[in-house]
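# Observations on the model geometry
What follows is each chain in one-letter form.
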Amino acid sequence: MTPTEIRTTYLEELVAIAPDLDADTVGDNDHIQTDLALDSMDVLNLVTALHDRLGVNIPEGDYPQIATVALAVDYLGRMIALKSKG
Amino acid sequence: MPSLGSDMESAVLAEWLVQPGDTVTRGDVIAVVETQKGAIEIEVYESGTVTELTARVGTELPVGAPLAVIAAEREDAAEPEGKSQAPAAETPVAKAPEAPPMGGLPPGGLPPGGIAASPAARVRAQALGVDLAALTGSGPGGAVVLADVEAAAPAPAPEPEKPRRRGLDLDEMRKAIANAMSRANREIPHFHLSQTFDLTPAADFLTAHNAGKPPAERLLMAALYLRAAVGAARAVPELNGWYEDGFRPSDTVNIGLAVALRGGGLVAPALIGAEAMDLAQIMAGMRDLVSRARAGRLRNSEMTQGTLTVSALGETGPEAMAGVIFPPQVALLGIGAPQLRPWVVDGQVIPRQVLTVTLAADHRVADGRIAAGFLTEFISLVSAPERL
């Protein structure tokens, strides 16, 4: 899965949770809680959706690593690569 | 049109989900209405067969206006007068008979020997041949107002449909919140009790519970709060119910949850029958309620049957909240955001995550002792989460 595909998936799920957001205007370094005002329920729903879509089970301790688009693309890319290596 | 809150005067019928001839069972969702608080699904309070949809989609209807006619499954033996023209016991639906009569009569009720109605409503009722006694008033104190009479009048000709309100109108929601909270501050003699306690046992419990679990099975701290509030409401039934002409305790705990909507606004739907739910079920119910609140798909029972509400500020932010009670409830538990503070544990001062909870209670039904009992039970449950 390419970084672009991961980015698209992440943004699709983010906008599904917060429909008032526009995927085109979400900045790479916008923090989902402090900048985009997601609450803990929204974050859990995002993590759940990413688990379903990408097969990556993000532990609670790693939530900070998906807190922006840039961080998430990097983190999810590494986790998907790890998974495919078995 | 059922009342969906003390602040509601009318709503626009957005969609019928049944047709004449359909069989419905009490609790079925039969229609969707647009209110100041967004779209609400209307559940039917009778079982039977839909014979007529009297309200048209797109029309604004005052609280109490008939929406549809349902032929009951059996003759209503309790009908006091012979209704020779009625083929069966026909009941206007969705009158919310068991919901607390929000926006209903003030203490004192009807003026002696008369029907509360505005002068304009009386004149119009006479002109249209409408029986005021048959109407449910939507005005102050349940008085029949002009709009009630006009809604009840046989429509002379199809009127041009009002433009249908779509989605959530934040200005309207702000008005609804203002009305409900003004009523609360006008009628309820609030008092507040606060206590701060160490949240570490709950946080540790949550971390251990969630470790290794897939996201769908994880718990949020808010689920612990809700479960503990349900336990406290069971232990202190004096604060779980509704105040109408006096306090009516509830057998069930329909725990209300204040949900902030993106872009502004607030709704406080209830998790019905939460006393029978374990922690996982509370979490699932809360997830469902929050997602439907944000999607505008709450049900009327969830909007009207809450018995005690919890409002939590989330993970970061202010440390305490002294809230306003949602009438006709008599208590609201305000939960601040956890804060890192110096705390005394076994004689040593050490940094701890602490939580401040503030109970708003109604002095018409309780005093400080009862409210303190609620807080004590809540804190003891959150502090020993394995008991939840």
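Residues numbered from 1 in each chain as written. Chains lettered and ligands numbered in written order. Predicted model: local features only at pLDDT ≥ 70, side-chain atom pairs only at ≥ 80, totals over all residues.

## A word on the overall build of chain A
Counting its regular elements, chain A contains 3 helices and 0 strands. When its helices and strands are written in sequence order, chain A yields α-α-α. Relative to its length of 86 residues, chain A is compact, with a C-alpha radius of gyration of 12 Å against a globular reference of 12 Å. Judged by the C-alpha coordinates and their principal axes, chain A covers about 35 × 25 × 20 Å. Taking as baseline every contact in chain A between residues at least 6 positions apart, the subset at least 24 positions apart corresponds to 58%. (Helix = DSSP H or I, 4+ residues; strand = E, 2+ residues; numbered from the N terminus. Rg over C-alpha atoms; globule rule 2.2 N^0.38 Å. Contact = placed C-beta atoms within 7 Å.)

## Things to note about the nonpolar core
Residues and elements named next belong to chain B. Ranked by internal contacts, the top residues of the largest apolar core, which has 124 residues, are Tyr225, Leu226, Ala229 and Ile255. Among the elements that line this core, the one with the most residues is helix H5 (residues 221–235), at 11 residues. Aside from chain neighbours lying at most four places away, what touches Tyr225 is Val310, Ala312, Ile335 and Val382. (Core = buried A, V, L, I, M, F, W, Y, C linked by C-beta atoms within 7 Å. Buried ≥ 20, exposed ≤ 12 C-beta atoms within 10 Å, placed from the backbone.)

## Looking at the interface of chain B and chain A
Taken together, the 13 residues of chain B in the interface contact 12 residues of chain A. Where the side of chain B that touches chain A is concerned, the elements lending two or more residues are helix H4 (200–210) and helix H6 (279–295) of chain B. Residue composition of the side of chain B that touches chain A, by class: 5 nonpolar, 4 polar and 4 charged. (Nonpolar A, V, L, I, M, F, W, Y, C, P; charged D, E, K, R; others polar.)

## Re the UniProt feature "domain: Carrier" (unreviewed entry) in chain A
Sequence positions flagged by UniProt for "domain: Carrier" (unreviewed entry) are, in local numbering, residues 5–80 of chain A. A helix fraction of 53% and a strand fraction of 0% characterise residues 5–80 of chain A, whose end C-alpha atoms lie 12 Å from each other. (UniProt positions renumbered as here; feature names shortened; annotations may be inferred.)

## Here's the deal with the sheet that holds strand S1 (residues 10–16) of chain B
All names here are of chain B. With mixed pairing, 5 strands are arranged side by side in an open sheet as S6-S1-S3-S4-S16. Of all strands in the sheet, those with a lone pairing partner are strand S6 (60–62) and strand S16 (298–299), marking the two edges. As judged from the 2 bridges shared by strand S4 (residues 38–43) and S16, these two strands associate in the parallel manner. Bridged to Glu41 within S16 is Arg299. (Pairing = 2+ DSSP bridges.)

## Looking at helix H2 (residues 40–54) of chain A
In a regular helix each residue adds 1.5 Å, so 15 residues correspond to 21 Å; H2 of chain A covers 21 Å between its end C-alpha atoms and thus fits that length. Regarding H2 of chain A, the residues found buried are Met41, Asp42, Val43, Leu44, Asn45, Leu46, Val47, Leu50 and Leu54 of chain A. Looking at the buried side of H2 of chain A, the elements it contacts are helix H1 (3–17) and helix H3 (69–85) of chain A together with H6 of chain B. Gly55 of chain A occupies a position one or two residues after H2 of chain A and carries a positive phi of about 75°. (Expected span 1.5 Å × (residues − 1).)

## Looking at H3 of chain A
All names here are of chain A. With 17 residues, H3 should reach 24 Å at 1.5 Å per residue; the first-to-last C-alpha distance of 24 Å fits that figure. All of the buried residues along H3 are Val69, Ala72, Val73, Leu76 and Met79. Buried residues of H3 fall within an arc of 145° about the axis and therefore sit on the same side. Structural note: H3 exposes Arg78, Ala81, Leu82 and Lys85 on the side pointing more than 90 degrees away from its buried face. Packing partners of the buried residues in H3 comprise H1 and H2. (Arc of directions from axis to C-beta.)

## Section: the environment of Val12 of chain B
All names here are of chain B. Within the element layout of this structure, Val12 appears in strand S1. Taking the C-beta count within 10 Å as the criterion, Val12 has 22 such neighbours and is therefore assigned buried. Spatially, the C-alpha atoms of Val12 and Gly58 are 6.0 Å apart, while their sequence positions differ by 46 residues.

## Structural notes on the packing of H5 of chain B against helix H8 (residues 368–383) of chain B
All names here are of chain B. Their axes nearest at 8 Å, the elements H5 and H8 cross at an angle of 140°. Taken together, the axes of H5 and H8 are oblique relative to one another. Considering how the two elements wind past one another, H5 and H8 form a crossing that is right-handed. Packed against H5, whose contacting residues are Leu224, Tyr225, Ala228, Ala229, Gly231, Ala232 and Ala235, the element H8 presents Phe374, Glu377, Phe378, Leu381 and Val382 at the interface. Each residue belonging to the contact of H5 with H8 can be placed in one class, and the counts come to 10 nonpolar, 1 polar and 1 charged. (Axes fitted to C-alpha atoms, helices over the stretch in contact; angles between N-to-C directions. Parallel < 35°, antiparallel > 145°, perpendicular 65-115°, else oblique. Left-handed = near helix turned anticlockwise from the far one by under 90°.)

## Some remarks on the pairing of strand S3 (residues 29–35) of chain B
All names here are of chain B. With 6 of its 7 residues buried, S3 lies for the most part within the structure. In this structure, S1 lies alongside S3, joined through 4 bridges in antiparallel fashion. When the bridges of S3 are listed, Glu15 appears paired with Val32. Looking at chain direction, S3 and S4 are connected through 6 bridges and run antiparallel. Residue Val32 lies in a different strand from S4, and its bridge partner there is Glu41. Taking the residues that link successive antiparallel strands as the turn, the S3-S4 hairpin has 2 residues.

## Quick look at the confidence of the model for chain B
Residue and element names in this part refer to chain B. Of all residues in chain B, 84% attain a pLDDT of 70 or more, and the chain-wide mean is 84. Counting contacts from residues 75–89, a segment whose pLDDT is below 50, to residues more than four positions away or on other chains yields 7 contacts. Segment residues 94–113 is flagged for pLDDT under 50; beyond a separation of four residues in sequence, or across chains, it makes 42 contacts in the model. Among the prediction metrics, the complex's ipTM stands at 0.91, with pTM recorded as 0.76. (pLDDT = per-residue confidence, 0-100.)

## Let's talk about unusual backbone geometry
The omega angle of the peptide bond from Pro327 of chain B to Pro328 of chain B is 5°, so this bond is cis rather than trans. Position of Pro328 of chain B relative to the elements: it lies in the loop between strand S17 (308–312) and strand S18 (331–335). Notably, Ala37 of chain A is not glycine yet its phi reads approximately 65°, a positive angle. With respect to the element layout, Ala37 of chain A can be found in the loop between H1 and H2. Residue classification places Ala37 of chain A among the partly exposed residues on the basis of 15 C-beta atoms within 10 Å. Phi at Asp346 of chain B takes a positive value of approximately 50°, unusual for a residue other than glycine. Relative to the assigned elements, Asp346 of chain B resides in the loop between strand S19 (339–345) and strand S20 (348–362). A residue is classified by how many C-beta atoms lie within 10 Å of it, and Asp346 of chain B, with 5 of them, is exposed.

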